[in-house]
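Given next are the chains, with one letter for each unit.
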Amino acid sequence: MSLTTTNLDGILPLIAKGKVRDIYQVDEESLLFVATDRISAYDVIMENGIKDKGKILTQLSVFWFDLLKDTIKNHLIASTDDEVFARLPQELSQPKYKSQLSGRALVVRKHKLIPLEVIVRGYITGSAWKEYNKSKTVHGLEVGAELKESQEFPVPIFTPSTKAEQGEHDENISPEKAAEIVGEQLCARLAEKAVQLYSKARTYAKSKGIILADTKFEFGIDENDELVLVDEVLTPDSSRFWDAKTYKIGQSQDSYDKQFLRDWLTSNGLNGKDGVSMTAEIAERTGAKYVEAFESLTGRKWT
Ligand SMILES: Nc1ncnc2c1ncn2[C@@H]1O[C@H](COP(=O)(O)OP(=O)(O)OP(=O)(O)O)[C@@H](O)[C@H]1O
Ligand SMILES: [Mg+2]
């Protein structure tokens, strides 16, 4: 069974529903961050979910937060079930709620978010490849090299986008434009930190047979003016993972996790359509890719 929505009967106020997460207010300082099994493709959420996807995303994020904890502070307050339930109203330990939250819920510190999608790209693909083809630039930047599709950049680059309101599209912007939004100093700190995090993660992933083509971070700022890593980190939903075994320069790469789903949607003329249910086979094969990503990256068995 998969969980596509949570229902806590108003025990905690639901404050937001993202594409994947249901977010509840715990108290003034903290949020309950629940990753459901919802999956989107071509910007549309499927009717049914992918078994365990939310749990895998949650555990993978926790893994990365830990791996990166010497490089940056993060928003985690409670990350194991024991720690999480200890911070929630007693009623939520009843089976009907516990079954919705176990393994997929985190208590996180509520932060004022920096209004940017802090993207770092190590390889040229997607919207960056499209722009490069038109103008030889990426987010308005000169790249300083002739590149083929999916080729590695000489160095990883900070390529921010706006954080659009729900239902709107994020827009690629230049670092200069980002500096206008958040201020020059903060923008420089974000760029430096993000590239550092990406580089560390990429080296690690490479050693596990996965190419981290690009990724999106979100940051908050704490009361001491320190950057804090928030949201989810380095999951298949926030990153492009490629299988190092099948990687080839000069062409687009299959998506590690969503390729079956995208191919199935396009071949059935369903891409971009609302209200689509995946077949059991597509849901299962997609789920297997999330498990594979988790197991390859963490070296742990998914149980
Ligand atoms: N520590 C935090 N404090 C406040 N908000 C946070 C924190 N960490 C993450 N968020 C926000 O919680 C939401 C996560 O939900 P989810 O990933 O489902 O949303 P999304 O679909 O990616 O984004 P959106 O809701 O903006 O379309 C994001 O809007 C993210 O910016
Ligand atoms: Mg998100």
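Our subject is the structure that appears above.
Fair warning: this is a prediction, and the values are worked out from it, not measured in the lab. (Residues numbered from 1 in each chain as written. Chains lettered and ligands numbered in written order. Predicted model: local features only at pLDDT ≥ 70, side-chain atom pairs only at ≥ 80, totals over all residues. Heavy atoms only, no water.)

Undergrad: Describe helix α7 (residues 259-267), naming the residues involved and giving the relevant values.
TA: Because each turn of an α-helix spans 3.6 residues, side chains separated by three or four positions in sequence point in the same direction. Those residues of α7 that fall on the buried side of the exposure criterion are Gln-259, Leu-261, Trp-264 and Leu-265. Summarising the contacts, the buried residues of α7 are in contact with β4 (40-41) and α8 (280-298). With its phi angle positive at about 65°, Gly-269 sits one or two positions after the end of α7. (Buried < 20%, exposed > 50% of the residue type's maximum accessible area, 1.4 Å probe, protein only. Helix = DSSP H or I, 4+ residues; strand = E, 2+ residues; numbered from the N terminus. Contact = heavy atoms within 4.5 Å.)

Undergrad: Please provide a residue-by-residue account of the pairing of strand β10 (residues 116-123), values included.
TA: Within β10, eight of the eight residues are buried, leaving the element largely enclosed by the surrounding structure. One ladder, built from two bridges, connects β10 with strand β14 (residues 161-162); its direction is antiparallel. By the bridge assignment for β14, Glu-117 is matched with Ser-161. Pairing analysis gives four bridges linking β10 to strand β15 (residues 210-221), with the strands arranged antiparallel. Residue Ile-119 lies in a different strand from β15, and its bridge partner there is Lys-216. (Pairing = 2+ DSSP bridges.)

Undergrad: Could you give an account of the sheet that holds strand β7 (residues 76-78), naming the residues involved and the relevant values?
TA: Ordered in space as β1-β2-β3-β8-β7, the five strands form an open sheet in which the pairing is antiparallel. Two strands bound the open sheet, and with one partner strand each, they are β1 (14-17) and β7. Across the sheet, the mean angle from the axis of one strand to that of its neighbour is 30°, orientation sign disregarded. (Axes fitted to C-alpha atoms, helices over the stretch in contact; angles between N-to-C directions.)

Undergrad: Give a detailed account of unusual backbone geometry, specifying residues and quantitative values.
TA: Positive phi, normally seen in glycine, also occurs at Tyr-42, with a value near 50°. Position of Tyr-42 relative to the elements: it lies in the loop between β4 and β5 (44-45).

Undergrad: Lay out helix α6 (residues 184-206) with the relevant residues and their values.
TA: For α6, built from 23 residues, the straight-helix expectation of 33 Å at 1.5 Å per residue is met to within 8% by its first-to-last C-alpha distance of 33 Å. Where α6 is concerned, the buried positions are Leu-186, Cys-187, Leu-190, Ala-191, Ala-194, Leu-197, Tyr-198, Ala-201, Arg-202, Tyr-204 and Ala-205. (Expected span 1.5 Å × (residues − 1).)

Undergrad: Could you give an account of the packing of α7 against α8, naming the residues involved and the relevant values?
TA: Running from N to C, α7 and α8 cross one another at 150°; their axes reach a closest spacing of 8 Å. Classified by the angle between their axes, α7 and α8 sit roughly antiparallel to one another. In this structure, α7 uses Phe-260, Leu-261 and Trp-264 to contact α8, whose residues at the interface are Ile-282, Arg-285, Thr-286 and Lys-289. Class assignment for the residues of the contact of α7 with α8 results in four nonpolar, one polar and two charged. (Parallel < 35°, antiparallel > 145°, perpendicular 65-115°, else oblique. Nonpolar A, V, L, I, M, F, W, Y, C, P; charged D, E, K, R; others polar.)

Just distances and angles here, no functional claims.
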